[in-house]
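Each chain, written out:
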Amino acid sequence: MSQLNQGLTLFLSLLVEATPFLLLGVAFSSLLAILVDERKLIAYTPKNPVLAAITGSLFGCVFPVCECGNVPVARRLLMQGAPSALAIGFLLAAPTVNPIVFWATWVAFRDQPAMVFWRVGLTILVSVIIACIFSVQKDLRPFLQPTIARYLPAPATQPEPALVGSGSTLLQGGDFLLQSTGTLKLDQPMLATIAGAAVLPQQSWQAKTQAVLEMMLQEFRELGAVLVMGSAIAATVQVAIPREWILALGQGPITSILAMMLLAWVVSICSTVDSFFALSFASIFTSGSILAFLVFGPMIDLKNISLLLTTFKGRAVMYLFVLAAQLTFVFTLAVNLYTSW
Amino acid sequence: MKRTFPWPTFWDMAALLLWGLMLLRYWWSGRLAVLLHPDYHWLAIGAGWVLVLMALWRSVGLFQPQTKFDTGAHMALLPRQWSLMVLLAIAVFGLIYVPRPFSSDAALARGIADPVGLTRSQPRRFARNTPPAERTLIDWIRTLNVYPEPDAYAGDPVNVTGFVIHPPDWDDHYVMVARFVLTCCAADAYPVGLPVKLTGDRAEFPPDSWISLQGTLFTETLDGQRRLVIAPDEVLAVPEPKNPYEF
């Protein structure tokens, strides 16, 4: 009975502490999705792969999204002609490298402020490395789902003008949308298409507010449910599994990292609140393994694999997964073995 | 034409409202202290109000025809009804259930009897200048962490409050007076405590009851380790404090 009480108190305390951060996260990601125009940002980003990767991984500071919000944004970035290094860097780092997650991690690990900096630093390092590896593949289209890939330019060809003169339409292949302002060619880069489209619809601010609230509600509903399940798992693990087992697992420099990475992958808890989850293991598990949880979890987990698959082909998701897992493992193992922290 | 009742909007509203009320209820009933560090109470309370306001916004949709907004970017992982059901169920449960602070069993399960576990806290502020009689349990543990030699503190006056633990391996004159320490929320609570040598039998102070002790410290070998033990002059049973944790 006392164990049940303990478990429920733990569960509720995780929920109560995490809900404000979850709300903040969904509020920001909804606001930005509706209000910010990524095309302008892309226009100012560097083309050099390494610089683009670094820029992309820091984009999270402007788009505070968790790992559920980053896939749609990364997809929009790709479709609007962002370099692949930028999009991949963003995809992997944005859920961690943003002010809300920074704050939440700071709150959770007040006793160990170093954890915050390790988390952010390591995430940027891993993301930049993976983004650079992906940037070697000049044409990202074979990695993408066909529906996305057709929006991307082939690397060397010049985009055609978007609005084709009425006379030549019949002579060109492809998908066309007939509209009053002219004929819109669909199967060409999104950027060119949008640039060519006459006027973008302007929404009133009421409509925008309504849309932001609507999106917040949608995300809260869904991520709230995931948070509930994550908290339930964390509470159960703490209460139900004998302490000796967890200690044995949590004190080994290698086993602890593997266990926490597996846990991060399975639990799929949102990055704005995962530091509270990790906190409940912080007293028993090695610092490196907690770090592995905080770095790897937001990059790839069971939940966002299904999201990634809406944009990338299975093979590319596999590469991302394997690379992220290996790099996280190696770096956090180094933290465990070579730092006294 | 009769308009059908917008059930989906209603359930959205109910989930937001109940979830918000759950957070606010812990605040009103004072139980928030059992779950969270006081520094972060405002966050939970703010979130509660935001959720209630969102519920109000949603309730407007009950009375006027809804325009459908396409937020496009969103992809559902769980069917909407499932998520709603989970949220509603937890909110109802949270509104009914009264969270209890951790008990002595939890402290034992987390290895309180073992002084090695105490090295976890990394104090940002070292309260060495606090006179011994004013040190709380956590102050004592931090002091011991910095300079662990028990003999250095023998004879010091002590005045602490905590709950009672009966460690199973100790004989009937010994109890432990303990507190849970929080840095953020109950998820990271860890127990700290000092052994107490009673003059009578420990049955007088059942586990989980709260006591306030005045006495002096001395050194004794317990479980094969030399430890600092409280010799109480006075032991008073006290009610559970409003905030059961130390920070």
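Residues numbered from 1 in each chain as written. Chains lettered and ligands numbered in written order. Predicted model: local features only at pLDDT ≥ 70, side-chain atom pairs only at ≥ 80, totals over all residues.

(A) Fine view of the overall build of chain B. Secondary structure summary: chain B contains six helices and six strands in total. Seen in sequence order, chain B has helices and strands lined up from the N terminus as α-α-α-α-α-α-β-β-β-β-β-β. Relative to its full complement of 247 residues, chain B shows a buried share of 37%. Partitioning the intrachain contacts of chain B with sequence separation of at least 6 by distance along the chain shows that 71% fall at a separation of at least 24. (Helix = DSSP H or I, 4+ residues; strand = E, 2+ residues; numbered from the N terminus. Buried ≥ 20, exposed ≤ 12 C-beta atoms within 10 Å, placed from the backbone. Contact = placed C-beta atoms within 7 Å.)

(B) Quick look at the overall build of chain A. Looking only at helices and strands, chain A features 16 helices and three strands. Within chain A, the fraction of its 341 residues that count as buried is 52%.

(C) Looking closely at the domain arrangement of chain B. Partitioning chain B into structural domains gives domain 1 (7-96) and domain 2 (104-246). Across the contact, six residues belong to domain 1 of chain B and eight residues belong to domain 2 of chain B. (Domains from an automatic or database assignment.)

(D) Molecular detail of the pairing of strand β3 (residues 190-197) of chain B. All names here are of chain B. Buried residues dominate β3, accounting for seven of its eight residues. Where strand β2 (residues 174-181) meets β3, eight bridges bridge the pair, whose relative direction is antiparallel. Bridge pairing in β3 places A178 opposite G193. (Pairing = 2+ DSSP bridges.)

(E) Inspection of the packing of helix α12 (residues 253-267) of chain A against helix α14 (residues 287-299) of chain A at higher detail. Residues and elements named next belong to chain A. Their axes nearest at 8 Å, the elements α12 and α14 cross at an angle of 30 degrees. Of the possible angle classes, the one that applies to α12 and α14 is roughly parallel. Pair α12 / α14 crosses with right-handed handedness. Contacts between α12 and α14 pair P253, S256, I257, A259, M260, M261, L263 and A264 from the former with G288, S289, I290, A292, F293, F296 and G297 from the latter. Looking at the contact of α12 with α14 residue by residue, the classes come out as eleven nonpolar, four polar and no charged. (Axes fitted to C-alpha atoms, helices over the stretch in contact; angles between N-to-C directions. Parallel < 35°, antiparallel > 145°, perpendicular 65-115°, else oblique. Left-handed = near helix turned anticlockwise from the far one by under 90°. Nonpolar A, V, L, I, M, F, W, Y, C, P; charged D, E, K, R; others polar.)

(F) Region of the structure containing the interface of chain B and chain A. Counting residues at the interface gives 50 residues for chain B and 43 residues for chain A. Contributing elements (two or more residues each) for the side of chain B that touches chain A: α1 (7-28), α2 (32-35), α3 (41-63), α4 (80-96) and α5 (104-109) of chain B. A per-class count over the side of chain B that touches chain A returns 33 nonpolar, ten polar and seven charged.

(G) Summary view of helix α6 (residues 99-108) of chain A. All names here are of chain A. Considered for burial, the residues of α6 that qualify are I100, V101, A104, T105, V107 and A108. Buried residues of α6, viewed axially, fall in a sector of 160 degrees; they line one side. Buried residues along α6 sit against α1 (2-35), α7 (114-136) and α13 (274-279). (Arc of directions from axis to C-beta.)

(H) The environment of B:G215, seen in detail. Residues and elements named next belong to chain B. Looking at the element boundaries, G215 is found in strand β4 (residues 210-222). The spacing of G215 and V158 is 57 residues in sequence and 5.4 Å in space, taken between C-alpha atoms. Contact partners of G215, with chain neighbours within four places excluded, come to V158, I230, A231, P232 and D233.

(I) Quick look at the confidence of the model for chain B. Residues and elements named next belong to chain B. Of the residues in chain B, 85% have a pLDDT of 70 or more, and the chain-wide mean is 82. Segment residues 69-75: pLDDT under 50, and 13 contacts once partners within four positions in sequence are set aside and those in other chains are kept. Residue range residues 116-125 is modelled with pLDDT below 50. Its contacts to residues more than four positions away, or to other chains, number 14 contacts. Here the prediction assigns the complex a pTM of 0.77, and the interface score ipTM is 0.86. (pLDDT = per-residue confidence, 0-100.)

(J) Seen up close, the packing of helix α5 (residues 84-93) of chain A against α7(A). Residue and element names in this part refer to chain A. At their nearest, the axes of α5 and α7 sit 8 Å apart, and the two run at 150 degrees to each other. Comparing the axis directions of α5 and α7 gives the class roughly antiparallel. Taken as a pair, α5 and α7 cross one another with a handedness that is right-handed. Between α5 and α7, the residues in contact are S84, A85, I88, G89, L92 and A93 and T123, I124, V126, S127, V128, I130, A131, C132, F134 and S135, respectively. Classifying every residue of the contact of α5 with α7 gives eleven nonpolar, five polar and no charged.

(K) Quick look at the environment of B:C185. Of note, B:C185 is situated in the loop between β2 and β3. We classify B:C185 as buried; it has 26 C-beta atoms within 10 Å. In this structure B:C185 touches A:S13, A:L14, A:E17, A:F276, B:L35, B:L36 and B:H37, once residues within four positions along its chain are discounted.

(L) Geometry of unusual backbone geometry. Although it is not a glycine, B:D208 sits at a positive phi angle of roughly 75 degrees. Within the secondary structure, B:D208 sits in the loop between β3 and β4.

(M) Structural detail: the confidence of the model for chain A. Residue and element names in this part refer to chain A. Per-residue confidence for chain A gives a mean pLDDT of 79; residues scoring 70 or more make up 83%. Note on residues 157-171: pLDDT is under 50 here. Beyond four places in sequence and across chains, it has 24 contacts. Taken as a whole, residues 188-200 scores under 50 in pLDDT and shows 25 contacts with residues more than four places along the chain or in a different chain.

(N) Representation of α1(B) within the structure. Under the 1.5 Å per step criterion, the end-to-end length of α1(B) is 30 Å for 22 residues, consistent within 8% with the ideal 32 Å. Residue B:G30 follows α1(B) closely and has a positive phi angle near 75 degrees. (Expected span 1.5 Å × (residues − 1).)

(O) Structural view of the pairing of strand β5 (residues 225-238) of chain B. Residues and elements named next belong to chain B. Bridge analysis of β4 against β5 gives 13 bridges, and the strand direction is antiparallel. Pairing of F218 across the sheet is with V229, part of β5. In this structure, the hairpin formed by β4 and β5 is closed by a connection of two residues, where D223 is found at a positive phi of approximately 50 degrees.

(P) The environment of A:Q145, seen in detail. All names here are of chain A. Examined against the element boundaries, Q145 turns out to sit in the loop between α7 and α8 (146-149). It is 15 Å that separates the C-alpha atoms of Q145 and Q80, two residues lying 65 residues apart in sequence. Q145 has contacts with T310, T311, F312 and K313, leaving out every residue within four places of it along the chain.

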